[in-house]
Amino acid sequence: MIGIVDYGMGNLYSLSQALKRLEQSYIISDDPSELDTTDGLILPGVGAFKDAMGLLNEKHLSDYLKRYAQTKPLLGICLGMQLLFDESEEGVLTGGLGLIPGRVVRFAGVSDNGVRYKVPHMGWNTLTFVDAQSPLLLGLKPDYAYFVHSYYAELKNRDTLIAAADYYGEVPAIVGMGHVFGTQFHPEKSGTFGQALLKNYLRLVSQKGDTCSCGEEKC
Amino acid sequence: MLAKRIIPCLDVKDGRVVKGKQFVQLRDAGDPVELAMFYNHEGADELVFLDISASNEGRNTMVEVVKQVAAKLNIPFTVGGGIHSLENIKTLLRAGADKVSLNSSAVANPQLIAEGADFFGNQCIVCAIDAKWSPKTGTYKVYTHGGQKETPLDAVEWAKKAVALGAGEILLTSMDQDGEKKGFELNLTKKISEAVDVPVIASGGAGKAADFLNAFEEGKADAALAASIFHYKETSVASVKTFLKQKGVAIR
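Definitions and limits used
- Residues numbered from 1 in each chain as written.
- Chains lettered and ligands numbered in written order.
- Predicted model: local features only at pLDDT ≥ 70, side-chain atom pairs only at ≥ 80, totals over all residues.
- Heavy atoms only, no water.
- Helix = DSSP H or I, 4+ residues; strand = E, 2+ residues; numbered from the N terminus.
- Rg over C-alpha atoms; globule rule 2.2 N^0.38 Å.
- Buried < 20%, exposed > 50% of the residue type's maximum accessible area, 1.4 Å probe, protein only.
- Contact = heavy atoms within 4.5 Å.
- Areas by Shrake-Rupley, 256 points an atom, 1.4 Å probe, with all protein chains shown as cover.
- Lys, Arg positive; Asp, Glu negative; His and termini not counted.
- Charge placed at Lys NZ, Arg CZ, Asp CG, Glu CD.
- Pairing = 2+ DSSP bridges.
- Axes fitted to C-alpha atoms, helices over the stretch in contact; angles between N-to-C directions.
- Polar contact = N/O pair within 3.5 Å; in protein donor to acceptor, adjacent residues only side chain to side chain.
- Phe/Tyr/Trp six-rings, centres within 6.5 Å; stacked < 30°, edge-to-face > 60°.
- Lys NZ or Arg CZ within 6 Å of the ring centre and 35° of its normal.
- pLDDT = per-residue confidence, 0-100.
- Buried area = accessible area lost by both parts, 1.4 Å probe.
- Salt bridge = Lys/Arg side-chain N within 4 Å of Asp/Glu carboxyl O.
- Nonpolar A, V, L, I, M, F, W, Y, C, P; charged D, E, K, R; others polar.

A few points about the overall build of chain B
Here is step 1 of the chain: Of the regular secondary structure elements, chain B holds ten helices and eleven strands.
Here is step 2 of the chain: Taken over the C-alpha trace, chain B has a radius of gyration of 17 Å; the compact-globule value for 252 residues is 18 Å, and the two agree within 12%.
Here is step 3 of the chain: Counting across all 252 residues of chain B, residues that qualify as buried make up 60%.
Here is step 4 of the chain: Once local pairs closer than 6 in sequence are excluded, the contacts in chain B between residues at least 24 apart make up 65%.
Here is step 5 of the chain: When the accessible surface of chain B is totalled, it reaches about 9,900 Å², and 49% of it is carbon and sulfur.
Here is step 6 of the chain: The averaged location of the 31 negative side-chain charges in chain B is 2 Å from the averaged location of its 30 positive side-chain charges.

So, helix 1 (residues 13–21) of chain A
Here is step 1 of the chain: Those residues of helix 1 of chain A that sit buried are S14(A), L15(A), S16(A), Q17(A), A18(A) and L19(A).
Here is step 2 of the chain: Downstream of helix 1 of chain A by one or two residues, E23(A) has phi in the positive range, about 55°.

Quick look at the sheet that holds strand 6 (residues 94–95) of chain A
Residue and element names in this part refer to chain A.
Here is step 1 of the chain: With mixed pairing, four strands are arranged side by side in an open sheet as 6-5-7-10. Here the strands that pair on one side only, and so sit at the sheet edges, are strand 6 and strand 10 (151–155).
Here is step 2 of the chain: The pairing of strand 5 (residues 85–88) with strand 6 spans two bridges and is antiparallel. Residue S88 lies in a different strand from strand 6, and its bridge partner there is T94.

A word on the sheet that holds strand 12 (residues 170–177) of chain A
Residues and elements named next belong to chain A.
Here is step 1 of the chain: Ordered in space as 2-1-3-4-13-12-11-8-9, the nine strands form an open sheet in which the pairing is mixed. Edge positions in the open sheet fall to strand 2 (26–29) and strand 9 (144–149), since each of these has one partner strand only. Between one strand axis and the next, the sheet turns through 25° on average, direction left out of account.
Here is step 2 of the chain: In this sheet, strand 2 lies alongside strand 1 (residues 2–5) in parallel orientation, the contact comprising four bridges. Bridge pairing in strand 2 links I2 to Y26.

Notes on helix 1 (residues 32–42) of chain B
Residue and element names in this part refer to chain B.
Here is step 1 of the chain: Where burial is concerned, most of helix 1 is hidden: nine out of the eleven residues are buried.
Here is step 2 of the chain: Buried within helix 1 are the following residues: P32, V33, E34, L35, A36, F38, Y39, N40 and E42.
Here is step 3 of the chain: Capping the start of helix 1, D31 holds a side-chain oxygen 3.1 Å from the backbone nitrogen of V33, two or three residues further along.
Here is step 4 of the chain: Following helix 1 by one or two positions, G43 adopts a phi angle in the positive range, close to 105°.

With respect to the packing of aromatic side chains
Here is step 1 of the chain: One pass over the full model with this rule turns up 18 aromatic pairs over all chains.
Here is step 2 of the chain: Ring geometry for Y117(A) against Y167(A): centres 5.4 Å apart, planes inclined by 85°, an arrangement best described as edge-to-face. Within this pair, whereas Y117(A) is found in the loop between strand 7 (100–106) and strand 8 (121–129), its partner Y167(A) is found in the loop between strand 11 (161–166) and strand 12, the two being separated by 50 residues in sequence.
Here is step 3 of the chain: One aromatic cluster in this structure is built from F107(A), Y117(A), Y152(A), Y167(A) and Y168(A).
Here is step 4 of the chain: The aromatic ring of W124(A) is capped on one face by R252(B), whose charged end is 3.7 Å from the ring centroid.

Observations regarding the confidence of the model for chain B
Here is step 1 of the chain: Overall, the predicted model of chain B reaches an average pLDDT of 94, with 97% of residues at or above 70.
Here is step 2 of the chain: Across the predicted assembly, pTM comes out at 0.93 and ipTM at 0.93.

Brief notes about the environment of L213(B)
All names here are of chain B.
Here is step 1 of the chain: Tracing the backbone through its elements, the reader meets L213 in helix 8 (residues 209–217).
Here is step 2 of the chain: Taking the C-alpha atoms as reference, L213 lies 17 Å from L172; in sequence the two are 41 residues apart.
Here is step 3 of the chain: Apart from residues lying up to four places away in sequence, L213 is in contact with E218, F243, L244, K247 and V249.

Section: the interface of chain A and chain B
Buried accessible area, meaning the area lost when the parts come together, often serves as the stated size of an interface.
Here is step 1 of the chain: With 28 residues of chain A at the contact, the number on the chain B side is 37 residues.
Here is step 2 of the chain: Between chain A and chain B, a total of about 2,600 Å² is buried, with carbon and sulfur atoms accounting for 52% of that surface.
Here is step 3 of the chain: Broken down residue by residue, the surface that chain A buries against chain B is led by K118(A), M122(A) and W124(A), which jointly contribute 29%.
Here is step 4 of the chain: D222(B) is the partner of K118(A) in a salt bridge, and the nearest nitrogen-oxygen pair spans 3.2 Å.
Here is step 5 of the chain: Counting every contact that joins chain A to chain B gives 19 residue pairs in polar contact (both at pLDDT 80 or more).
Here is step 6 of the chain: Those elements that provide at least two residues to the side of chain A that touches chain B are helix 1, strand 8, strand 9 and helix 6 (191–209) of chain A.
Here is step 7 of the chain: With six residues, the top contributor of residues to the side of chain A that touches chain B is strand 8 of chain A.
Here is step 8 of the chain: Counted by class, the side of chain A that touches chain B contains ten nonpolar, twelve polar and six charged residues.

The structure is reproduced here in structure tokens:
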């Protein structure tokens, strides 16, 4: 069972429909006792970082998600990925979940050599696989993915980078540490590639679900 | 590299796609879901649904259409037409639309752009601008109500204001070129694309694959939209994309 964390930010319908297309059972909830029954979570989100953290704190979900991620997989999508980092400079500097080291910063809108460019980074961009061995990339070839964002993650630790896109500099597109993952693009909107990536996450969750906390399968 | 987007537009009236008659291979060429999946399969990067229903019943039907499309489609889509309030925006986005496009209602109430952007983020709010060259003033004027009403607004200034209010994208239609199939209005497209720092979708005038190339290279557009040339099979999304790839344009 997958849980979609519903903390009041954004459109959960498309994501839930994507899970349905993959014949994945899911619940949508903001209640830790319900989310506890799941084998893995997806943290979606569109909107502002500060509002999102405010809601997660208000609903007592921040601490819950930190605890959850110690033992079970968590996938953040778009703003949901940004929330995984230590902090964001969107609006006022706001602390995040601190599950992956790094800071979320805004696209400058002007390149190093003075060329103005559009913000948000919106549309289909190609991915480069940095850690092709990641379980999220199993069987996948680098492809286009659908991005829409004005802020991106500056990673503290390059080991957490799984795939990147190029938009006037390197943009972390897929990140991961332990079983905490994030995609800056929207897999639910990224055609067959996105669907395959979600499927890989679901597979990882179900394998993890079969594993006892001692690390052995069906102990 | 970020790809240029090709966006087919579907006009929907009372829940049915109009102008879809040429799709003989489809079971039901008026079914928005079937057409959406057809375009997705052809390689469309995004879709726009324009609700041209005149009645409230038709509008309510559109919400159902959006839900059905969102259940099947795995690429982004925008819904426009008849969106007058924050409540309308919420209903459509919650039904699964990725973006809403505001036109006449944004001109009448620019604050609607800000309200929508505050609630759901800038990326969800597209400002659609219908513009027409005015020889009298030597500027492009904004029109509303499906191009029937002239406003005193200058298109370039209005685009800048819409972006300042929170629009995350501009869908720019040239009324002079619309339906002429002689190519996009490159001068207007370039002016607006250079005036704002959000993506601009060129619309109105697509007649052949080369028109898209011009929209991207000369018009500096980030995406290009067309309706009838795709619906009437004068060309296809796939062949336009093949042509653009051969010309070295970044295309998915």
